[in-house]
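Inside the fold
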Amino acid sequence: MKKSTPYLLLLPALLFTVFVLVYPLVQNLINSFSDVSMITGRSGWTGLKNYEHVFEDTLFWRSFRNTSVYAVVGTGVALVVGLAFALLLNLKLGKINTVMGCLYTIPWIISPVVAGFAWKWLLNDQFGVVNYWLASAGIVKHGTTWLGNPGTALICVMLARIWQFYPFAMVMFLAGLQSIPQEQYEAAAVDGATMVRRFFYITLPNLKTVSSVMLVLGVIWSFNDFNMVFVMTRGGPMNSSMVLPVLVREFSFVQFDLGKGSALSVVIFALLTTLSYLYLKMISRGEPT
Amino acid sequence: MKRPILMAFLLSISLLSCGKKSDDIVLQDWNFGGRPKLIEFLRQRVYSFEKLHPGIKVIQSDKSWNMIREILYADFSAGAGPDVMNTHSNFAAEFGEAGFYYPVNKFPDFEQVKQWYIPHLLESTRYKDNYYGLPSSAIAFVLCCNKELFDKEGIAPPKTWSQFREAAKRLTKDTDGDGVPDQFGLVLMGGDKGGFAYRMIPLFFKAGVNVMSDDLKKIEFNSPMGVAALKLIADMYQVDHSITPGFLAYTHSEINDLFCSNKAAMSIEGPWFRGMVGDKSPGKDMYVVSVPVPDNMIAQYDTAPTLQDMVMYSINARSKHLKEAWELLKHLRNEEADMFWITQDLGATATTKSALNSREAQSVNDLQLYINELNHARPWPPHPQMIAIASNIFTPYCQRAVVGELSPKAALDQAAREAQELVDAKK
């Protein structure tokens, strides 16, 4: 084999990466420092002006707060729910486990757009099943507004996100649970440890790595999540559920300020790169930082 | 081993090169939005065009109406985009000024083609000295009233703001006796920024409010009557509770469902609404009337302007086949094609003189009302920033006023200030 053959074989993948990843990234970075319009193209450098505009915009800070809540709280709750289901599936109840395992993973395999539309209808104030059940149980009044209420819209979108993310957490936790050595539980049982103590002193410490990795991964994915919010609320009502990825679209394709949209993309990219670095460190060490 | 692979490769190359290169001219036609019936009609039209012009092939793509601006901007700015497309006529200013649309008045037979159309409708496709498309269908915003609910209550469709407010109040009811209203007087489209603006502005126009001055230099929607129009809706929501509480999340489908299931009595809509309701709930009837006017303007009820919108077909200025695109445009929009708006109830109003004056037109539901409204209606001002102002400034501030976060005056004043900044920056 010639010395150059491996490089030649790698070339198509390299070219593909350059065109679909490196070029857009560099172009976006250039745009973020430029006065750029979709109509007239790039008309000059503006330095940090686009970044200033982003940080001066109150909508950015509102979206940043929403995104942080959406990502951190949403992922945290999804992990708790995922762990609960993983513990149930780990009870080894025979075929029921297989059936339930399949059922629980359905939300994960549904397209986020389809899931978003389904949740939109479930939460509809007049025809939604959620309102019907809650009103029948006397918990809320019939016709309660969820997605049309600035106070509840973000919570509803988070609920849908949790519903979609928990199966992934469940599968990962189940794998983690099954790798815990049985001897540890047996020794604890001999020492007379209760089920609760075994959970807190054996199960949870053994799941620390997988929990940390899942938390970072979940936050990264949620931080980047456009579909669910866009389909369910488009960031409304009155920007109450606006998150950063939807705001990028708003700046770039609604306000047609590509420079500002690019600057915001770079800010998100920097945030996610930091989180990804944490994730990679965890993976490489095999333990949480 | 190497030889058979080489032979196979050479054979494939030679087979590929044997294929005759097609000399057909290929036109891209992008159709945004439309009910299935309209899309089917357009396909038939393209098919008949291809039969008439054997050397031209048309590739028709259907795209989302909601993403129209984003899709076209992205494509145009990349130097791409279709040869022919349908858009809002108020894009003439924005895309015409940007040089994205080709001025169709440059075609030698334009003066003849111009004669097909109702003059003031054709004017909506004009920006400065150029026409940037041919009218496809006209829309006047009207008030659609749920006939079943109005008849049951024994009230007539409202003509004035007081009657409008009173009717909405009377039609807001708790029908199942659980102490919570489940039928509302009015439904608004709050989940779509553009859609909301299009349903608010008719009330402003009917009250004689201008969005901008005639010279397009000054924002004027925050006039006292503009504030009064917004206050009317805010009071209906906050005081009377006669507007559906969840309106901020509603788009077309929710409004249609509420209307069809008798949970909403009124909605400000266009001519597509009867068809949409009919598709979902066959036989469901409605009163279609003019949008109400302020009480002191009752004498102008039939002549006060509503919002006119129009869909037009345009040509991409960068098309390599301008002449052929023009031929396609004419075929899609000639008098024969326009008759389908009359005979097939496609969800808007025809725009040619011959179609509107035809015998068949006499039997079209509400057509006389729409023609009358269109005779007086006004489009959004032809300012290149108008769409951005309506969607990103006017709508959010009006919504804040409706739900009570701001007073109507404060909301409109603030919106006017921001809109003026945008207009001044453009200058």
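Bear in mind the structure is a predicted one, so any value in this text is a computation, not a measurement.

Definitions and limits used
- What you see as residue numbers is a count from 1 along each chain, following the sequence as written.
- Here every chain gets a letter starting at A, and every ligand a number starting at 1, in the order they are written.
- Reporting of local features is limited, given that this is a predicted model, to residues whose pLDDT is at least 70; pairs of side-chain atoms are given and counted only at 80 or more, and all residues count toward the totals for whole chains, interfaces and linings.
- The numbering of helices and of strands both runs from the N terminus, where a helix is a DSSP run of H or I of at least 4 residues and a strand a run of E of at least 2.
- Once C-beta atoms are placed from the backbone, any two residues with those atoms within 7 Å are in contact.
- The reference for a compact globule is 2.2 Å times residues^0.38; the radius of gyration itself is calculated from the C-alpha atoms.
- Exposed residues have 12 or fewer other C-beta atoms within 10 Å of their own C-beta, buried residues have 20 or more, and residues in between are partly exposed; the C-beta atoms are placed from the backbone.
- Any two strands between which DSSP finds at least two bridges are classified as paired.
- Fitted lines through C-alpha atoms give the axes, limited to the stretch in contact for helices. The angle between two N-to-C directions lies from 0 to 180 degrees.
- Any helix carries an expected span of 1.5 Å times its number of residues minus one.
- Regarding the arc, it is the one traced by the directions from the helix axis to the C-beta atoms.
- Here a crossover is taken to be right-handed if, once the strands point away from the viewer, the path from the first strand over the helix to the second is traced clockwise.

The next subject is the overall build of chain A. The secondary structure content of chain A amounts to 13 helices and two strands. Each principal axis of the C-alpha atoms in chain A carries an extent, and together these give about 75 × 70 × 30 Å. Taking the intrachain contacts of chain A between residues at least 6 apart in sequence as the baseline, contacts between residues at least 24 apart amount to 69%.

The subject of this paragraph is the overall build of chain B. What chain B contains, in helices and strands, is 18 helices and 11 strands. Relative to the 2.2 N^0.38 estimate, which gives 22 Å for 427 residues, the radius of gyration of chain B is 24 Å and therefore close to what a compact globule would have. A principal-axis box enclosing the C-alpha atoms of chain B has dimensions of 85 × 55 × 50 Å. Among the 427 residues that make up chain B, the fraction classed as buried is 49%. If you take every contact in chain B between residues at least 6 apart in sequence, the share linking residues at least 24 apart comes to 72%.

Looking now at the sheet that holds strand S6 (residues 134-140) of chain B. Residue and element names in this part refer to chain B. Spatial strand order, S2-S1-S3-S11-S6: five strands in an open sheet with mixed pairing. Where the open sheet ends on each side, the last strands, each with one partner, are strand S2 (56-63) and S6. Neighbour-to-neighbour, the strand axes of the sheet open up by a mean angle of 20 degrees, direction not taken into account. Pairing of strand S1 (residues 25-32) with S2, which is carried by eight bridges, proceeds in the parallel orientation. By the bridge assignment for S2, Asp 29 is matched with Gln 60. Sheet strands touched by helix H13 (residues 322-333): S1, S2, strand S3 (84-88), S6 and strand S11 (308-315). Its angle to S11, the strand with the most contacts, is close to 145 degrees.

Interface size, as often reported, equals the accessible area lost upon joining of the parts. Contact with chain B, which involves 24 residues of that partner, is made by 21 residues of chain A. The biggest single contributor to the side of chain B that touches chain A is helix H17 (residues 386-402) of chain B, with six residues.

This paragraph deals with the sheet that holds strand S7 (residues 142-146) of chain B. Adjacent strands of a sheet form backbone hydrogen bonds with each other and so pair up, either parallel or antiparallel. Residues and elements named next belong to chain B. The sheet built from four strands is open, its strands ordered S8-S9-S7-S10 with mixed pairing. The strands lining the two open edges of the sheet, one partner per strand, are strand S8 (184-186) and strand S10 (286-289). Within the sheet, the average angular offset between the axes of one strand and its neighbour, ignoring direction, is 20 degrees. Examined bridge by bridge, S7 and S10 share four bridges and lie antiparallel to one another. The residue bridging Cys 144 from the neighbouring strand is Val 288, located in S10.

Attention shifts here to the environment of Trp133(A). Residue and element names in this part refer to chain A. In this structure, Trp 133 sits in helix H6 (residues 129-136). Overall, the presence of 12 C-beta atoms within 10 Å leaves Trp 133 in the exposed class. Here the alpha-carbon distance between Trp 133 and Ala 175, two residues 42 residues apart in the chain, equals 35 Å.

This part is about helix H2 (residues 36-52) of chain B. Residue and element names in this part refer to chain B. Counted at 1.5 Å a residue, the expected span for H2 with its 17 residues is 24 Å, and the 25 Å between its end C-alpha atoms agrees. By the burial criterion, the buried members of H2 are Leu 38, Leu 42, Arg 45, Val 46 and Phe 49. Down the axis of H2, the buried side of the element spans an arc of 100 degrees, and every buried residue falls inside it. Along H2, the residues that are exposed and aim more than 90 degrees away from the buried face are Pro 36, Gln 44, Tyr 47 and Lys 51. In the core, the buried residues of H2 are packed alongside S1, S2, H13 and helix H14 (335-343).

Next up on the list: the environment of Trp30(B). Residues and elements named next belong to chain B. Following the sequence through the fold, Trp 30 ends up in strand S1. Residues Trp 30 and Lys 263, 233 residues apart in the sequence, show an inter-C-alpha distance of 36 Å. Those residues in contact with Trp 30, other than ones at most four positions away along the chain, are Ser 61, Lys 63, Pro 82 and Met 85.

In this section: unusual backbone geometry. Most peptide bonds take the trans form, and the phi angle of most residues other than glycine is negative. Cis peptide bonds are those with omega within 30 degrees of zero, and the linkage from Gly236(A) to Pro237(A) qualifies with -5 degrees. Positionally, Pro237(A) belongs in the loop between helix H11 (227-232) and helix H12 (244-254). At Lys128(B), a residue that is not glycine, the phi angle is positive and equals roughly 55 degrees. Among the structural elements, Lys128(B) can be located in the loop between strand S4 (126-127) and strand S5 (130-131). By C-beta crowding, Lys128(B) is classed as exposed, having 11 other C-beta atoms within 10 Å. At Leu216(B), a residue that is not glycine, the phi angle is positive and equals roughly 60 degrees.

Turning our eyes to something else, we now look at the pairing of S1(B). All names here are of chain B. This β-α-β element, S1 to H2 to S2, shows right-handed connectivity. Pairing geometry for S1 and S3, over two bridges, is parallel. Of the residues in S3, the one forming a bridge with Asp 29 is Val 84.

To continue, consider the pairing of S11(B). Both faces of the sheet carry side chains from a regular strand, because those side chains alternate between them. Residues and elements named next belong to chain B. A large share of S11 lies buried, amounting to eight of its eight residues. By the alternation rule, side chains of S11 split into Gln 308, Met 310, Met 312 and Ser 314 and Asp 309, Val 311, Tyr 313 and Ile 315, which are all buried. Pairing of S3 with S11 involves five bridges; the strand directions are antiparallel. Its bridge partner being in S11, His 88 is matched across the sheet by Val 311. Sheet topology places S6 next to S11; six bridges connect them, and they run antiparallel. Bridge pairing in S11 places Ala 140 opposite Gln 308.

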